[in-house]
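Listed below are the residues making up each chain.
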Amino acid sequence: STLSQVVAVSNSPENELAVYPNPTLDGVFTIQGIQLERDQVAVYDADMHLIRTHVGAGLDPVIHIEDLPDGTYILVVRSGDDIRATRVVKASRMR
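So, here's what we can say about the structure. What you see is a predicted model, and the numbers here were worked out from it, not measured in a lab.

What counts as what
Residues numbered from 1 in each chain as written. Predicted model: local features only at pLDDT ≥ 70, side-chain atom pairs only at ≥ 80, totals over all residues. Heavy atoms only, no water. Helix = DSSP H or I, 4+ residues; strand = E, 2+ residues; numbered from the N terminus. Buried < 20%, exposed > 50% of the residue type's maximum accessible area, 1.4 Å probe, protein only. Areas by Shrake-Rupley, 256 points an atom, 1.4 Å probe, with all protein chains shown as cover. Pairing = 2+ DSSP bridges. Axes fitted to C-alpha atoms, helices over the stretch in contact; angles between N-to-C directions. Core = buried A, V, L, I, M, F, W, Y, C linked by side-chain atoms within 4.5 Å. Lys, Arg positive; Asp, Glu negative; His and termini not counted. Salt bridge = Lys/Arg side-chain N within 4 Å of Asp/Glu carboxyl O. Polar contact = N/O pair within 3.5 Å; in protein donor to acceptor, adjacent residues only side chain to side chain. Contact = heavy atoms within 4.5 Å.

### Describing the overall build of the protein chain
At step 1: Broken down by element type, the protein chain carries 0 helices and 7 strands.
At step 2: Ordered by position from the N terminus, the helices and strands of the protein chain form the series β-β-β-β-β-β-β.
At step 3: Burial statistics for the protein chain: of 95 residues in total, 36% are counted as buried.
At step 4: Summing over all exposed atoms, the protein chain offers an accessible surface of approximately 6,100 Å²; the carbon and sulfur share of this is 50%.

Written out as structure tokens, the structure is:
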């Protein structure tokens, strides 16, 4: 048998991530209110495939996804046992 760890993601308003600009036109955005010396940010595609991980970028880190195609990405911020997630949209072309 296979065991897997179940992780809860909090969606309460006090745990919401402030990400701007969202949508991003140039693929660069800031996550407000986190300190990456202790937090870790993972970027996933819409199918929840891990794209990259950021660690150790200081307060209010700037995350770069300009090399990724336009679309919706999920940011997961892990700080100890606390896990928060939000969606960001990269839309470099006006449709």
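### Structural notes on the sheet that holds strand β6 (residues 71-79)
At step 1: In space, the 4 strands of this open sheet follow the order β4-β3-β6-β7, with antiparallel pairing throughout. Pairing within the sheet leaves two strands with one partner each, and these edge strands are β4 (50-55) and β7 (82-90). Within this sheet the neighbouring strands show an average axis-to-axis angle of 20°, counted without direction.
At step 2: Here strand β3 (residues 40-45) runs beside β4; their pairing, made up of 5 bridges, is antiparallel. Across the sheet, the residue bridging to V43 is R52, located in β4.

### A look at the sheet that holds strand β2 (residues 28-32)
At step 1: A sheet is described by the order of its strands in space; here 3 strands give the open sequence β1-β2-β5, paired in antiparallel fashion. Taken across any chain shown, the strands that pair with only one partner, and hence form the sheet edges, are β1 (18-20) and β5 (62-64). Going from strand to strand, the sheet's axes swing by 30° on average, the running direction of each strand aside.
At step 2: With 3 bridges connecting them, β1 and β2 associate as antiparallel partners. When the bridges of β2 are listed, A18 appears paired with Q32.

### Some points on the nonpolar core
At step 1: In terms of nonpolar packing, the biggest core is built from 14 residues, with V19, F29, I31, V41, I63, I65 and L75 touching the most fellow members.
At step 2: Secondary structure elements with two or more residues in this core: β2, β3 and β6.
At step 3: If you look at the next biggest cluster of nonpolar residues, it comprises 5 residues, including A42, Y44, I74 and I83.

### Quick notes on the side chain of K90
At step 1: Mapped onto the fold, K90 is located in strand β7.
At step 2: Buried and without a salt bridge, K90 has D70 as its closest oppositely charged side chain, separated by 4.2 Å.
At step 3: Reaching out from K90, the side chain makes a polar contact with the backbone oxygen of E66 at a distance of 3.0 Å.
At step 4: Excluding anything up to four places from it in sequence, K90 contacts T24, G27, I65, E66, D67, L68, P69, D70, G71 and Y73.

### As for unusual backbone geometry
At step 1: A cis amide bond links Y20 to the next residue, P21, at an omega of -15°.
At step 2: Relative to the helices and strands, P21 resides in the loop between β1 and β2.
At step 3: Non-glycine residue M48 carries a positive phi angle of around 65°.
At step 4: Residue classification places M48 among the partly exposed residues on the basis of a relative accessible area of 44%.

Don't take any of this as a statement about function, it's just geometry.
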